[in-house]
Amino acid sequence: MQKQRASNVTAEGLLVGMGVTANCNLNCKHCYSLPLRGQNLTLSQVLKVAQTKNINSINFGTGESFCHPEFSEMVDKCYEMGIKMSLTSNGYSIIGLADEQLRKFNDLDISLDFIGKSKQNSFRNGQSQELVDQAIEKCKRLGIEFSITAVLMNINYKGIPQLLKKVAEEGCNLRVNVFKPVPKAGIYKYRLSFEEFWEAVYLLFTHGNLISCSEPIVNAMLDIPSTVPKSPCGSNSIRIHPNGTVSPCVYLTDSHVHIDHIEDSFEAAIDTETFKRMATVPEFCQTCEKIDACGGGCASRRHLNGGLDKPDEYCPPYRQKEIPEIEVTKCRKAKDLVHSSYLCTMIFEGKKTDGKEI
């Protein structure tokens, strides 16, 4: 039978994913915030989160934050409180914010899924490439640490070498999130198969050097020391959705916990069933030698793809497959990036054409 492992959830040093709005200037085909369109947090709700005990950092994402009329004020107030901040944007928010406000962020993420203007703009239904280009130039001009962020899908994973070449040329990082389905919007078709997932991982390590990995199944199978134990979502990070609900992962929008019920800390929220269930260990995994590194894999992916009682769909032992032999190469210089321990993600630097480290 399945059981719950001892939860790592704590109100100490929480990383907060803040969706101040679900609105956006684009209409991307894989968007997880579509079911929340029209929803916005208030300035007072955002400040309430920033004022709770032991907040480590805040990443602004979900919708395009600059679409919120009070976003600039939110940035200024959080900075005044000493909150470390990052921002995930399609470029619009980075372009819209004043230079002095952008400098208040620890690092920035710019969304780019394809190399090629026509594919990028078609998939995101707008002038996406133009926004990306302007945002990159602005980050470089201001000397701000930034990453290109891509969602790994079955339609773009073969472009990983080109994405890593791009970040090497731009002097930035590549952060990749594995696509997860969005049931409330009926978005399933971009999911990677088992073979595609591990081919993508192979391409990442062949053409890039690892900065950090918090994708538990990759850490476990490739024996990579994790920046956080097991699945980080609901462990050391939480999400505030634009409708005010609080959940372990941005893909889980069915939480009964609301920001208006929070007092001076998130201790009560993280002690609810919404969070505790993320610590479920499938029966299959309980005797696995990789359990301490994996914990069953990405909890959100398991929940969305069939249930928390089943192991991660990309687990080789569960699929009765050989563990892939992939050489892990790491970058020589450590980087302080908010997303390194924030969610199930992988961050790389690109290799030069001769294969040497940058």
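In this report, we go over the structure that sits alongside the text. (Residues numbered from 1 in each chain as written. Predicted model: local features only at pLDDT ≥ 70, side-chain atom pairs only at ≥ 80, totals over all residues. Heavy atoms only, no water.)

**Comments concerning the overall build of the protein**
So, step 1. The helix and strand tally for the protein stands at twelve helices and twelve strands.
So, step 2. Its C-alpha atoms give the protein a radius of gyration of 19 Å, near enough to 21 Å, the size a compact globule of 358 residues would have.
So, step 3. Expressed as lengths along the three principal axes of its C-alpha atoms, the size of the protein is roughly 50 × 50 × 40 Å.
So, step 4. Counting only residues that meet the buried cut, the protein has 59% of its 358 residues in that class. (Helix = DSSP H or I, 4+ residues; strand = E, 2+ residues; numbered from the N terminus. Rg over C-alpha atoms; globule rule 2.2 N^0.38 Å. Buried < 20%, exposed > 50% of the residue type's maximum accessible area, 1.4 Å probe, protein only.)

**Overview of the pairing of strand β6 (residues 146-152)**
So, step 1. When you tally the buried positions in β6, you get seven out of seven residues, the bulk of the element.
So, step 2. Burial along β6 is two-sided: F146, I148, A150 and L152 facing one way and S147, T149 and V151 facing the other are all buried.
So, step 3. Direction of pairing for strand β5 (residues 107-111) relative to β6: parallel, over a ladder of four bridges. Paired with I110 across the strands is I148, a residue of β6.
So, step 4. Relative to strand β7 (residues 173-178), β6 runs parallel, the two being bridged by six bridges. (Pairing = 2+ DSSP bridges.)

**Notes on the packing of aromatic side chains**
So, step 1. For the structure shown, the criterion picks out ten aromatic pairs.
So, step 2. Relative to F123, the ring of F114 has its centre 5.4 Å away and its plane inclined at 65°; by these criteria the two rings are edge-to-face. Of the two residues, F114 and F123, both sit in the buried class.
So, step 3. Ring plane angle 75° and centroid distance 5.4 Å describe the contact between F123 and Y190, whose orientation is recorded as edge-to-face. Pair noted here: F123 is in helix α5 (residues 117-124) and Y190 is in the loop between β7 and α8 (194-207), with a separation of 67 residues, a long-range link. The same class applies to F123 and to Y190, which are both buried.
So, step 4. Ring-pair connections join several aromatic residues into one group, and the members of that group are F114, F123, F179 and Y190. (Phe/Tyr/Trp six-rings, centres within 6.5 Å; stacked < 30°, edge-to-face > 60°.)

**A short note on the pairing of strand β2 (residues 14-18)**
So, step 1. With respect to burial, β2 is a largely interior element, five of its five residues being buried.
So, step 2. Burial of the side chains of β2 extends over both faces: L14, V16 and M18 are buried on one face and L15 and G17 on the other.
So, step 3. Pairing of β2 with strand β3 (residues 55-60), which is carried by five bridges, proceeds in the parallel orientation. For G17, the partnering residue across the bridge sits in β3 and is N59.
So, step 4. Two strands pair when backbone bridges link them, and β2 and strand β9 (residues 237-240) are joined in this way by four bridges, in the parallel orientation. Among the inter-strand pairings, M18 is bridged to a residue of β9, identified as I240.

**Section: the pattern of salt bridges**
So, step 1. Counted by the stated rule, this structure contains 19 salt bridges.
So, step 2. In this structure, K53 engages D264 in a salt bridge whose closest nitrogen and oxygen atoms are separated by 3.3 Å. A residue pair is termed long-range when its members are at least 10 positions apart, and K53 in the loop between α1 (43-50) and β3 and D264 in the loop between β10 (246-247) and α10 (273-276) qualify at 211 residues.
So, step 3. Residue D109 pairs with R175 through a salt bridge whose shortest N-O separation is 2.6 Å. With D109 in strand β5 and R175 in strand β7, the pair connects residues that are 66 residues apart, well separated along the chain.
So, step 4. Salt bridges sharing partners connect three or more residues here, namely E137, K140, K166 and E170. (Salt bridge = Lys/Arg side-chain N within 4 Å of Asp/Glu carboxyl O.)

**Observations concerning the sheet that holds β10**
So, step 1. Strand order in this open sheet of ten strands is β8-β12-β7-β6-β5-β4-β3-β2-β9-β10, and the pairing throughout is mixed. Both edges of this open sheet fall to β8 (208-213) and β10, since each of them pairs with a single strand only.
So, step 2. Docked against the sheet, helix α6 (residues 128-142) engages β5 and β6, running at close to 160° with respect to β5. (Contact = heavy atoms within 4.5 Å. Axes fitted to C-alpha atoms, helices over the stretch in contact; angles between N-to-C directions.)

**Regarding empty space enclosed by the protein**
So, step 1. One pass over the structure, following the stated rule, counts three cavities of 30 Å³ or more.
So, step 2. Empty space within the largest cavity amounts to approximately 620 Å³.
So, step 3. Forming the boundary of the largest cavity are 38 residues, of which Y32, T62, T88, S111 and N177 lie nearest the centre.
So, step 4. Elements that contribute at least two residues to the lining of the largest cavity include exactly β2, β4 (84-89), β6 and β7. (1 Å grid on protein atoms, 1.4 Å probe; cavity = no way out; pocket = protein on both sides within 12 Å on 5 of 7 lines; lining within 4 Å. Points joined across faces, edges and corners; volume = space filled by probe spheres on them.)

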